[in-house]
Each structure stands twice: as structure tokens, then as C-alpha cells.
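Residue-level structural notes
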Amino acid sequence: MKKIKILTITLLMVAVTMIAFLGIYTQKQNRMENLVKDYEWGMDLKGSRNIRLKLNTESKTVIKDAEGKEVEDTENLTDEQLIEKGYHKEEIPNNSEDVKTLENYKTAKKIIEKRLEKLGVNNYQISLDEQTGDMVIDLPENGATDSIISNLYTVGKFEIIDSQTKEVLMNNNDVKQARVMYGGGENGTTIYLEIEFEKEGAKKLEEISNQYQTTQNSETEENTTTDSNTTQENATENTDTTSTEKKITMNIDDTEIMSTSFEEPVRTGRLQLSFGSSSTDAKTIQQSANQASSMATVLDTGNIPVKYALDENQYIFSDITKNEMEIAVYVILAIMVLGLIVLFIKYKKLGALGVISYIGFVSFMLIIIRYANVTLSIEGVFGIAITFVLNYILVYGLLAKIEERKEVYKDFFIKMIPIMIMVITFCFINWLPISSFGMVMFWGIALIALYNSILTNSLLKIETRKEK
């Protein structure tokens, strides 16, 4: 029975080790995909994307009438026709001199930081040139980096306007929050962008939705006929029902998203916009969700007071090469193997159980680091090595004083209390090298306590009872 218990725990360790080092692969379409989450690498190890945002110096051409009002729908008019109508062209800079202020530059920086956080980018660096308004941003490199960059310098001006008069009915100030929602049906999944408005905005929305509704108009036609001898009026009524609509147009950065009217008043203070049609294809659903998420991020963070253009976009390689990383890993593995050989030679059967326990700990640690969303910097990798050393010290102590295991645990974790306090403090420091080290050490010490009190202790207890 005791052999079965030891074998069961050993097989568990083997399985976890295979998952940690090899992964779990399944066939997806024509390729094999690892189901085990990959590590989150910091910019100092994986490299980064460096972008420079400069103030937009371009101008746009607008057509104005004699009174100075902007005229639309003039694309098909020649210069001669414009002159005949009394229209004239005017060049308007995308950034007028009055918006080029330090206050606007700082506001733009804060908005970009909010967008990065909402897009799940916590590991970034951003610097602002307070004289020119230019910004330099370093981002982690991954599959979503290009999409993230495109959302950073979008102005995000949101407007609901009258389709005919172009009167602005609502804008960013009326928006409380935006979020992505999923709806299921017979035809598959539909992605929605829900826009929730502030209290005053909700009142405006109700008034607008009541005013801009589809209405039914009845037209009556009277027919009169005249005879030569007698005058006879035959009045017949032909009633036709026609549908007329007052529409609103929803714009972001002066680009039309949709134009619509309302079937009934909206009293909830929320608008739901569907992205694409219902689909069962995972790729299509994800694309729609990404589009809706990008728009939600822009609406949630407000509009940037100045317009930026992407001036530079380049990948910066890490100072640490892949070859150097491999050498470091091999050195750590070599030290670990030597340490485990010492355990086995010195403590024989108990040493073998210590080796099994230690390998299992390493595997669990590598898996936890992935799923705890810890971003690994150089300091974080150093933290992993320290947890391996701490666990080895504990296992060695347990084997050396096998009959006094409780005292060994107690003494070890009393000494860990100051380190744990420091580590928890590091976790809340918003600087990747320190926070990465703190998070790794936090999970490492927690795992040392839990893992050894359950699995290591179980293995040693089984063996010591067997010997007795």
C-alpha cells in the first residue's frame, strides 16, 4: 500500500513535469497547438516596439460659402462651379496654434496611458517632450501590438448628429462607459458595443430617440368630375401611407459609423450597436470582438485634445541574446542537477524522494508563473532561481532532521516572514523589474509552504513509517 502511494505521487510529479517542460499539444486545423499558456516576457528579455508620436502638421481642405459656413457634398463640383456658387476653399490645420499647449499635451499623455491599461498593457514606458508635444512609447512585442498602436493616437471624438442639419446632438461628455457584449442565437454569436450615457446624457438620448422615430403619414387625394348638363362632384379619397424618417448619424473622428432612426424611445440610457452579423466562426467572432473592444477603449478614455501622427514604429531587440539566455538556463540546470545528486548520495532512499519532490516543485513553479500572469524581467528570472535555492534549503533541512520536520518547517518560515513582507511590498511597486521580482518571490514562497507541507511531507511520512 505504501509503495502504491509513493508510486502515485511519483507519477503525479512526472505528469506535472512533462506538462511544465513539454506542454500539452492538440491538433488545430493543420497544426499542433500547445494548450499550456506561454510565459509573459518583459521588454528587457523579449525586446520591445518603440514608437514615436508627433503632432500632426497636415491641413485639411474645406469648402465654405460666402457666409463662412462649411459646405458639404461638393466633391463633384469643379473649381469654376465652386466660384459660380460663391464658394471658396480654405486650408485648416489639424492642430491650430491654440491647442498646442502643455496642458493638452499632458492630457493626451494621460489618455494614452488609460488606453494602454484598458488594452491590458501594463508593461510600458512613455515619455513626453513638453516643448513639442511629441511622445516616445515602448511596448511589449506580441501579436496584438499593431492593433494596440492604432488605438493610441486615434483622437476618439464621438458625436451623434442630425443627418440633415449636421447639428451635434451628443458628444464624448455624455458618455459614461462603453463595453463589449456577446449575444447568442440560432445563427450564432453576435458582438455588441454597448454605450452607457451619463444621467444628463440619458435624458438627451430619450429626447432624441423620441424625436428621431419612424413616423407614418397619410396622404389624401380628392378627385372631382364635371358633366355637361349637370355639375356633379364625386369626391373619392385615395389614402396612401408612407414612412418618413428623421435620422441621426453616429461619428467617431468625423467618420460615420452608422446612420439610423429609432423605432421607439430609449429610456434605459444605453445604446447597443452590433458589429458584423451573427456567426459561428471563432475567427470572425474574434475579429468583431476586437473591433468593438477598440472602439469601447476609445470611448471610455475620451478624446485626445490634439491630433498625433505615427512618426516611427520599430522593433528594438533585447540586449540579451537567445544564446545568452540558453547558457544561463543550462548553468542553472547544471547547478540543480549537482545539488540533487548530493541529496541522493547522502540520504539514499530518502534522498531519492527528496529529488522527486524537488523536481515536482520546480515544475509546479513554472506552471504557476505562467497562469499567475507574471511578467518576467531579468529580475523575475533571478527570483525564480532564488525560490529554487530556498526550496532546496528546506528539503535538505527536512532530510537532515527527518524526525524533527515540524521544527524545521517552523524555523524556516519564521525566517521567511521579513522576506515575505518585503516581497509583498515589491508587488505593489509600479516598476517592472521590482514588481516582477516581487510577484515571482510571492508565488514561490507561497508554493514552498503549501507544496512541502502536503506533497513533500506525505512522501517522507510514507517512507519513515515504512522503515519503522
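What you see is a predicted model; the values in this text were computed from it and never measured.

1. Things to note about the environment of K64
Mapped onto the fold, K64 is located in strand β5 (residues 59-64). Judged by its relative accessible area of 16%, K64 is buried. Sequence-wise, K64 and G86 are 22 residues apart; in three dimensions their C-alpha atoms are separated by 8.6 Å. Discounting residues that sit within four places of it in the chain, K64 has contacts with K69, E70, V71, G86, Y87, H88, E90 and I92. A polar atom in the side chain of K64 sits 3.4 Å from the side chain of E90.

2. With respect to the layout of surface pockets
Rolled over the atoms, a probe with the dimensions of a water molecule shows which regions are left empty. In this structure, the second largest pocket spans a volume of roughly 1000 Å³. Elements with a contribution of two residues or more to the lining of the second largest pocket: α1 (2-21), α2 (43-46), α8 (322-371) and α9 (378-400). Partitioned by chemical class, the residues of the lining of the second largest pocket number 26 nonpolar, four polar and four charged.

3. Some points on the sheet that holds strand β7 (residues 125-128)
Sheet strands pair by backbone hydrogen bonding; their relative direction is either parallel or antiparallel. Strand order in this open sheet of four strands is β7-β8-β4-β18, and the pairing throughout is antiparallel. Looking at strand neighbours, the two that pair on one side only are β7 and β18 (308-316), the edges of this open sheet. Neighbouring strand axes in the sheet, compared pairwise and without regard to direction, differ in orientation by 15 degrees on average. Where strand β4 (residues 48-55) lies against β18, eight bridges are found, and the strand directions are antiparallel. The partner of N50 across the bridge, within β18, is Q314. Lying over the sheet, helix α5 (residues 145-152) contacts β4, β8 (135-140) and β18, oriented at roughly 155 degrees with respect to β8.

4. Quick word on the sheet that holds strand β12 (residues 188-197)
With respect to topology, three strands assemble into an open sheet ordered β11-β12-β17, the strand pairing being antiparallel. Unpaired on one side and paired on the other, β11 (175-185) and β17 (270-279) mark the two borders of the sheet. Averaged over all pairs of adjacent strands, the angle between strand axes in this sheet comes to 20 degrees, irrespective of strand direction. One ladder, built from 10 bridges, connects β11 with β12; its direction is antiparallel. Residue pairing in the sheet places G185 in a bridge with G188 of β12. Strands β12 and β17 of the sheet are contacted by helix α6 (residues 199-211), whose axis makes an angle of about 115 degrees with β12.

5. Considerations on the nonpolar core
Formed by 49 residues in total, the largest nonpolar core has its most connected members in L343 and F388. Contributions of two or more residues to this core are made by α1, α8, α9, α10 (405-427) and α11 (432-467). Ranked by residue count, the leading element in this core is α8, at 14 residues. Beyond its immediate chain neighbours, meaning those up to four positions away, F388 contacts M336, Y358, F361, V362, M365 and L366. Among the nonpolar cores identified, the runner-up in size contains 27 residues, and V175, L193, F197 and A289 belong to it.

6. Re the confidence of the model for the chain
The predicted model of the chain has a mean per-residue pLDDT of 85, with 91% of residues at 70 or higher. Counting interchain partners and residues more than four positions distant, the pLDDT-below-50 stretch residues 217-244 has 39 contacts.

7. Regarding a nonpolar patch on the surface
The grouping of V337, L338, I341, F344 and I345 at the surface amounts to a nonpolar patch, some 490 Å² of accessible area in total. Turning to its location among the elements, V337 is positioned in helix α8.

8. A look at the side chain of N251
Within the secondary structure, N251 is located in strand β15 (residues 248-252). Setting aside residues up to four positions removed in sequence, N251 forms contacts with K157, F158, E159, I161, E256 and I257.

9. A short note on the packing of helix α4 (residues 102-118) against helix α7 (residues 282-301)
Relative orientation of the contacting elements α4 and α7 amounts to 140 degrees, with a least axis distance of 9 Å. As summarised for this structure, α4 and α7 are arranged oblique, according to the angle between their axes. Handedness of the α4/α7 crossing: right-handed. Contacts from I111, K114, R115 and K118 of α4 reach α7 at T297, V298, D300 and T301. By residue class, the composition of the contact of α4 with α7 is two nonpolar, two polar and four charged.

10. Overview of the packing of α8 against α9
Contact geometry of α8 with α9 gives a least axis separation of 10 Å together with a crossing angle of 140 degrees. Judged by the angle between their axes, α8 and α9 are oblique. Judged by the sense of rotation from one axis to the other, the crossing of α8 with α9 is right-handed. Tallied by class, residues from the contact of α8 with α9 come to 18 nonpolar, five polar and one charged.

11. Considering the pattern of salt bridges
Any two side chains of opposite charge can pair, so long as their charged atoms come close to each other. Across all of its chains, the model carries 16 salt bridges by this definition. Measuring nitrogen to oxygen at the nearest pair gives 3.8 Å for the salt bridge that ties E196 to K176. Highlighted residues: E196 in strand β12 and K176 in strand β11, separated in sequence by 20 residues. What makes K176 partly exposed here is its relative accessible area of 47%. Of the charged contacts, one joins E196 and R179 as a salt bridge, the two residues approaching to 3.3 Å between their closest N and O atoms. Here R179 lies in strand β11 and E196 lies in strand β12, a separation of 17 residues in the sequence.

12. Some points on α7
The end-to-end C-alpha distance of α7 is 28 Å, a good match for the 28 Å that 20 residues give at a rise of 1.5 Å each. For α7, the full list of buried residues reads I285, S288, A289, A292, S294, M295, A296, T297, V298, L299 and T301. Positive backbone phi, at 85 degrees, marks G302, one or two positions downstream of α7.

13. Describing the pairing of β12
Summarising burial for β12: eight of the 10 residues are buried, a large majority. Linking β11 back to β12 in an antiparallel pair, the connection comprises two residues.

Rules used throughout
- Just so you know, the residues in each chain are numbered from 1, in the order the chain's sequence is written.
- Restriction of local features to residues with pLDDT of at least 70 applies here, the model being predicted, together with a cutoff of 80 or more for giving and counting side-chain atom pairs; totals for whole chains, interfaces and linings are based on all residues.
- The side-chain figures draw on all heavy atoms in the structure; neither hydrogens nor water molecules are used.
- Going along the chain from the N terminus, every DSSP run of H or I of four or more residues is numbered as a helix, and every run of E of two or more is numbered as a strand.
- Relative accessible area decides the class of each residue, using a 1.4 Å probe on protein chains only: under 20% of the type maximum gives buried, over 50% gives exposed, and in between gives partly exposed.
- The contact criterion used is simple: two residues touch if any of their non-hydrogen atoms lie within 4.5 Å.
- Polar contact criterion, stated in full: a pair of N or O atoms within 3.5 Å, where within protein one must be able to donate a hydrogen and the other to accept it, and residues adjacent in sequence count only if both atoms are side-chain atoms.
- We place a 1 Å grid over just the protein atoms. Points where a 1.4 Å probe fits but has no way out form a cavity, open points with protein on both sides within 12 Å along at least 5 of 7 lines form a pocket, and any residue with an atom within 4 Å of a point lines it.
- Grid points are joined across faces, edges and corners, and a volume is the space filled by probe spheres set on the points.
- Basically, the charged four are Asp, Glu, Lys and Arg, the nonpolar ten are Ala, Val, Leu, Ile, Met, Phe, Trp, Tyr, Cys and Pro, and anything else, Gly included, counts as polar.
- Pairing between strands is defined by DSSP: at least two bridges between them are needed.
- Simply put, an axis is a line fit to the C-alpha atoms, just over the touching stretch for a helix, and the angle between two N-to-C directions goes from 0 to 180 degrees.
- As used in this record, nonpolar core signifies buried Ala, Val, Leu, Ile, Met, Phe, Trp, Tyr and Cys residues forming a set joined through side-chain atoms within 4.5 Å.
- The predictor rates its confidence in each residue with pLDDT, a number between 0 and 100.
- Patch membership requires over 30% relative accessible area and the absence of a salt bridge. Like charges are linked within 9 Å, and nonpolar side chains (Val, Leu, Ile, Met, Phe, Trp, Tyr) within 5 Å.
- Note on areas: Shrake-Rupley with a 1.4 Å probe; residue coverage comes only from the protein chains shown.
- When a carboxyl oxygen of Asp or Glu is within 4 Å of a side-chain nitrogen of Lys or Arg, the pair counts as a salt bridge.
- Note on terminology: angles under 35 degrees are roughly parallel, angles over 145 are roughly antiparallel, angles of 65 to 115 are roughly perpendicular, and the others are oblique.
- Should the near helix be turned counterclockwise from the far one by less than a right angle, the crossing is left-handed, whereas a clockwise turn marks it as right-handed.
- Expected span, for any helix, means 1.5 Å times one less than how many residues it has.

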